[in-house]
Amino acid sequence: MSQRESLAGKWALVTGASSGFGVEFATLLAQQGANLILVARRVAPMEQLAGRLRGEHRVRVVVEALDLSAPEAAAALKTRTDAHGIAVDVLVNNAGYGLYGDFVGQPLERTMNMLRLNVVTLTELTHLYGADMARRGSGHILLTASILGFQAVPGYAAYAASKAYVLHFGEALHAELAPRGVTVTVLAPGAATTSFGDVAGQTDKGTLQKLMMSPRQVAEIGIAAMLRRRASVVAGFRNGFIVFLNRFIPRALQRRIFRRVMAGEI
Ligand SMILES: NC(=O)c1ccc[n+]([C@@H]2O[C@H](COP(=O)([O-])OP(=O)(O)OC[C@H]3O[C@@H](n4cnc5c(N)ncnc54)[C@H](OP(=O)(O)O)[C@@H]3O)[C@@H](O)[C@H]2O)c1
């Protein structure tokens, strides 16, 4: 597929389409004429988005309400899209959340649910839809990671590790699938003005507040990188600079800096 390929009439599946980046991914894809499958737990915001996108862009939109942290959720979703006779050309694996705070002080089940969503279901969906794409010899997979995936982050221990998984998984798959016509692109955003901080329980933002990007900016960077067939992209110049600088900082110091930034101390 070339950089200028048309997405008109193709089907794109976006997880986490009820708020934040997911709404923007869906909107940008609809602007390019792609039909959409919107997936998240909350139906009302997805129905509202679906109505808007059908009206503004004359695309077909299917809403699938699903808890993607449930075991078998990925298989259930694949069964549903197969039942609709839909071949997914673009998979945006974006649903996810963080849990901020003391790891051992939090109920283990909350962490396990997060890991099932951020890691397990993301992997299952990539396998289920990626296998179809590889058979057809075309398709795009976009994975939302985070700049927190580039180093260990006290306070976000399990979340940051889940995003390190997404980053490495996606970049490796990029190399495996590119020769078969399927591109895999990892998007690593930094702080952005979505519900993420509230859901994670992170109140003191300090420096993070100054680094905030809009969800639209982040989604545009992700879709552009995906269409350029890039393996990964860090969203925004400042976040890219942080990731670059990290290479020259000892890992122990990285941990100290990120602990303090996350706590809003610097
Ligand atoms: N905003 C940031 O600062 C930031 C930075 C780096 C990376 N990220 C990543 O960006 C992605 C999108 O987050 P966001 O910032 O757009 O936050 P957001 O506004 O809270 O959106 C999260 C989306 O994930 C969905 N979701 C959460 N749990 C789910 C579940 N169990 N099953 C199905 N869907 C579920 C939510 O929908 P429902 O609640 O309706 O299910 C929502 O649509 C996440 O992977 C996040 O880790 C965010």
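Everything below is about the structure shown above.
**Observations concerning the overall build of the chain**
What the chain contains, in helices and strands, is 10 helices and 7 strands. Here the C-alpha coordinates of the chain stretch approximately 50 × 35 × 30 Å along the principal axes. The proportion of buried residues among the 266 residues of the chain is 51%. Considering only intrachain contacts with a sequence separation of at least 6, the fraction spanning at least 24 residues in the chain is 71%. Per element, the accessible surface of the chain, about 12,100 Å² overall, is 55% carbon and sulfur.

**Quick word on the layout of surface pockets**
Taken as a whole, the second largest pocket holds about 220 Å³ of empty space. Every residue along the wall of the second largest pocket is listed here: Thr 123, Thr 126, His 127, Gly 130, Ala 131, Ala 134, Arg 135, Phe 169, Leu 173, Glu 176, Leu 177 and Arg 180. Taken together, the elements giving at least two residues each to the lining of the second largest pocket come down to helix H4 (108-136) and helix H5 (157-177). A total of 7 residues in the lining of the second largest pocket trace back to one element, the largest contributor, which is H4. In the lining of the second largest pocket, the residues fall into 5 nonpolar, 4 polar and 3 charged.

**Notes on a nonpolar patch on the surface**
Together, Phe 237, Phe 241, Phe 244, Leu 245 and Phe 248 make up an exposed nonpolar region whose accessible area comes to about 580 Å². Tracing the backbone through its elements, the reader meets Phe 244 in helix H9 (residues 237-246).

**Considering the packing of aromatic side chains**
Here the distance between the centres and the angle between the planes together describe a pair of aromatic rings. Considering all chains together, one arrives at 7 aromatic pairs under this definition. Measuring from centroid to centroid gives 6.1 Å for Tyr 156 and Phe 196, while their planes differ by 35°, and the two rings are tilted. With Tyr 156 in the loop between strand E5 (139-144) and H5 and Phe 196 in helix H6 (residues 196-200), the pair connects residues that are 40 residues apart, well separated along the chain. Aromatic rings pair up to connect Tyr 100, Tyr 156, Tyr 159 and Phe 196 into one cluster.

**Here's the deal with the side chain of Glu 5**
Looking at where Glu 5 falls in the secondary structure, it is placed in the segment before strand E1 (11-15). Classification of Glu 5 by relative accessible area gives buried; the value is 12%. Among the polar contacts made by the side chain of Glu 5, one reaches the side chain of His 140 at a distance of 2.6 Å. Dropping the residues within four chain positions of it, Glu 5 is found in contact with Lys 10, His 140 and Leu 227.

**A short note on the site of the ligand**
Near the ligand there are 30 residues, and of these Ser 18, Ser 19, Arg 41, Tyr 159 and Thr 194 occur at the shortest range. In this structure, an oxygen atom belonging to the ligand sits 3.0 Å away from a main-chain N or O atom of Gly 16. At 2.8 Å, a side-chain N or O of Asp 67 approaches a nitrogen atom of the ligand. Compared with its free state, where it exposes 870 Å², the ligand has 96% of that area covered by protein.

**Concerning the sheet that holds strand E2 (residues 35-40)**
One open sheet accounts for 7 strands, arranged E3-E2-E1-E4-E5-E6-E7; its pairing is parallel. Two strands bound the open sheet, and with one partner strand each, they are strand E3 (61-65) and strand E7 (232-234). The mean angle between the axes of side-by-side strands here comes to 15°, regardless of whether they run parallel or antiparallel. As defined by bridge partners, E5 adjoins strand E6 (residues 182-188) across 6 bridges and the pair is classed as parallel. Directly across from Gly 139, in E6, lies its bridge partner Val 182.

**What about unusual backbone geometry?**
Phi at Arg 58 takes a positive value of approximately 55°, unusual for a residue other than glycine. Relative to the elements of secondary structure, Arg 58 occurs in the loop between helix H2 (43-57) and E3. Taking the relative accessible area as the measure of exposure, Arg 58 reaches 78% and is therefore exposed. For Glu 72, which is not glycine, the phi torsion reads 75° and is therefore positive. Among the residues examined, Glu 72 registers a relative accessible area of 58% and is labelled exposed.

Quick notes on the rules
Residues numbered from 1 in each chain as written. Predicted model: local features only at pLDDT ≥ 70, side-chain atom pairs only at ≥ 80, totals over all residues. Heavy atoms only, no water. Helix = DSSP H or I, 4+ residues; strand = E, 2+ residues; numbered from the N terminus. Buried < 20%, exposed > 50% of the residue type's maximum accessible area, 1.4 Å probe, protein only. Contact = heavy atoms within 4.5 Å. Areas by Shrake-Rupley, 256 points an atom, 1.4 Å probe, with all protein chains shown as cover. 1 Å grid on protein atoms, 1.4 Å probe; cavity = no way out; pocket = protein on both sides within 12 Å on 5 of 7 lines; lining within 4 Å. Points joined across faces, edges and corners; volume = space filled by probe spheres on them. Nonpolar A, V, L, I, M, F, W, Y, C, P; charged D, E, K, R; others polar. Patch = residues over 30% accessible without salt bridge, like charges linked within 9 Å, V, L, I, M, F, W, Y side chains within 5 Å. Salt bridge = Lys/Arg side-chain N within 4 Å of Asp/Glu carboxyl O. Phe/Tyr/Trp six-rings, centres within 6.5 Å; stacked < 30°, edge-to-face > 60°. Polar contact = N/O pair within 3.5 Å; in protein donor to acceptor, adjacent residues only side chain to side chain. Near = heavy atom within 4 Å. Pairing = 2+ DSSP bridges. Axes fitted to C-alpha atoms, helices over the stretch in contact; angles between N-to-C directions.

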